Amino acid sequence: MRYLIISDVHGNLAALEAVLAAAGACDAVWCLGDVVGYGPQPNECVERVRGLPGLRCVAGNHDWGALGRLDLSEFNPEARRAAEWTGAQLTASNRAWLEGLPERIVEDGFTLVHGSPRHPIWEYVLSPYVARENLAYFDTPTCLVGHSHIPVIFRQDGPPSSSPTTLVPEPGETFHYGEPRAIVNPGSVGQPRDGDPRACFVVLDMAAGTLEYHRVAYPIGETQERMREAHLPERLALRLAYGV
């Protein structure tokens, strides 16, 4: 079985289409939340994701923000404006689909959440310390998270009391999963924040027991133009070109 793992599409249809084309045929798709938020095409992205084969998808904080399920005062002003705009655009059908997304999915030896296994919607896993604290909150060998928009792996190479090893994947790099336990972030499709503006995704090969990281360029200017037409915050458009 070959799985496509994506996260943080953020209403960026051009990036999503580039990822789907680059990934090729997959048996199933696992999405780690934030299908909407920030970007100019929330309905199109929801509909595209909904139609993907074998889809398993969890809720993200921007999905909940657009639905009014989070206090938007917790968002920065630009994210809040984008969430309010997104919520006003969503069709009834797409809103209902987002409402039905679970916070956590456990499947085939993987735990899927958006933020962290401890706090699935909101917590960032950005450091070995936070990763170590979260190892107690899932039972599978591997936990897949999004939210930070940064591709990274925290691997428990030592005893539980030690800090996990931090691995920063390069495009094309392959990692084995299972043992030792690990928390894996595939990076962001629609708004990378690791200094590389290319869309990021991971291909999971069940037969080989591997996770392979990939980057793909997409027409950033197309997304930026749509954001400006929608009068979304200019900084949100500009940052796409820099991957920050």
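Parameters and conventions
- Residues take numbers from 1 onward in each chain, read along the sequence in its written order.
- Owing to the predicted nature of the model, reporting of local features is limited to residues with pLDDT of at least 70; listing and counting of side-chain atom pairs is limited to 80 or more, with chain, interface and lining totals taken over all residues.
- Each side-chain value is derived from all of the structure's non-hydrogen atoms; neither hydrogens nor water enter the calculation.
- For two strands to be treated as a pair, DSSP must find at least two bridges joining them.
- Strands here mean DSSP runs of E at least two residues long; helices mean DSSP runs of H or I at least four residues long; both are numbered from the N terminus.
- Counted as salt bridges are all cases of a side-chain nitrogen of Lys or Arg within 4 Å of a carboxyl oxygen of Asp or Glu.
- For every residue, the accessible area (1.4 Å probe, protein chains only) is compared with the maximum for its type, and the residue is labelled buried under 20%, exposed over 50%, or partly exposed between those bounds.
- Note on contacts: a residue pair qualifies if any of its non-hydrogen atoms lie within 4.5 Å across the two residues.
- A pair of Phe, Tyr and Trp rings is counted when the ring centres sit within 6.5 Å of each other, with Trp represented by its six-membered ring. The angle between the planes then sorts it: under 30 degrees is stacked, over 60 is edge-to-face, the rest tilted.
- By definition here, charges over rings are those cases where NZ of Lys or CZ of Arg is within 6 Å of the ring centre and within 35 degrees of the ring normal.
- Whenever a helix is involved, its axis is fitted only over the stretch in contact; in every case the axis is a line through C-alpha atoms, and angles between N-to-C directions fall within 0 to 180 degrees.
- Multiplying 1.5 Å by the helix residue count minus one yields the expected span of that helix.
- Oblique is the label for any angle not under 35 degrees, not over 145, and not in the 65 to 115 range, which are roughly parallel, roughly antiparallel and roughly perpendicular in turn.
- The hand of a helix crossing depends on one turn: near helix anticlockwise from the far one by less than a right angle means left-handed, and clockwise means right-handed.
- Each residue gets one of three labels, nonpolar for Ala, Val, Leu, Ile, Met, Phe, Trp, Tyr, Cys and Pro, charged for Asp, Glu, Lys and Arg, and polar for the others, Gly among them.

## Observations regarding the pairing of strand β7 (residues 152–155)
Where β7 lies against strand β10 (residues 182–185), 4 bridges are found, and the strand directions are antiparallel. Across the sheet, I153 pairs through a bridge with V184, a residue of β10. Examined bridge by bridge, β7 and strand β8 (residues 165–167) share 3 bridges and lie antiparallel to one another. For F154, the partnering residue across the bridge sits in β8 and is T166.

## Concerning the pattern of salt bridges
In this structure the tally under the stated criterion is 11 salt bridges. Salt-bridge contacts for R235 lead to E78; the nearest nitrogen and oxygen are separated by 2.7 Å. One end of the pair, R235, is in helix α8 (residues 234–238); the other, E78, is in helix α4 (residues 77–89), and 157 residues separate them in sequence. Look at E78 and you get partly exposed, because its relative accessible area is 21%. Here R118 ties to E123 by a salt bridge, and the two come within 2.5 Å at their closest N and O atoms. Each of D194, D196, R198 and R215 takes part in salt bridges that share partners, so that together they form one network.

## Details of helix α1 (residues 13–23)
The buried fraction of α1 amounts to 8 of the 11 residues, a majority that puts the element mostly inside the structure. Buried within α1 are the following residues: L13, A14, A15, L16, A18, V19, L20 and A23. Tucked inside the fold, the buried residues of α1 contact β1 (2–6), α2 (42–50), β11 (199–205), β12 (210–216) and α7 (220–229). Following α1 by one or two positions, G24 adopts a phi angle in the positive range, close to 75°.

## Topic: the packing of aromatic side chains
In this description, an aromatic ring pair is defined by two values, namely the gap between the centres and the angle between the planes. Tallied over the full model, the rule gives 5 aromatic pairs. A centroid spacing of 4.9 Å and a plane angle of 55° characterise the contact between F110 and Y177, whose relative ring orientation is tilted. Of this pair, F110 sits in strand β5 (residues 110–112) while Y177 sits in the loop between β9 (174–176) and β10; the two residues are 67 residues apart in sequence, bridging distant segments of the chain. The pair formed by F110 and Y177 is uniform in burial state, with each residue classed as buried. Note on F175 and Y213: the rings are 6.0 Å apart at their centroids and 85° apart in plane angle, and the pair reads as edge-to-face. On the criterion of sequence distance, the pair formed by F175 in strand β9 and Y213 in strand β12 is long-range, its members being 38 residues apart. With a relative accessible area of 10%, F175 lands in the buried category. Members of the aromatic cluster, joined through ring pairs, are Y3, W30, F110 and Y177. One Lys or Arg, R69, reaches over the ring of W64 and ends 4.2 Å from the middle of that ring. Against the face of F138 rests R181, its NZ or CZ located 4.3 Å from the ring centre.

## Digging into the sheet that holds strand β4 (residues 105–107)
Reading across from one edge, β4-β5-β6-β10-β7-β8 is the order of the 6 strands in this open sheet, with mixed pairing throughout. A single partner strand is all that each edge strand has here, and the edge strands are β4 and β8. This sheet shows a mean twist of 20° between the axes of neighbouring strands, independent of strand direction.

## Some remarks on α4
Under the 1.5 Å per step criterion, the end-to-end length of α4 is 19 Å for 13 residues, consistent within 8% with the ideal 18 Å. Looking at the packing, one finds that the buried side of α4 touches α2, α3 (61–67), α5 (92–99) and α8.

## Considering the packing of α2 against α5
Where α2 contacts α5, the axes come no closer than 10 Å and their chain directions differ by 60°. Here α5 runs oblique to α2, going by the angle between their axes. Two packed elements cross with a definite hand, and for α2 against α5 that hand is left-handed. Contacts from N43, V46, E47, V49 and R50 of α2 reach α5 at S93, N94, W97 and L98. Among the residues forming the contact of α2 with α5, the class breakdown is 4 nonpolar, 3 polar and 2 charged.

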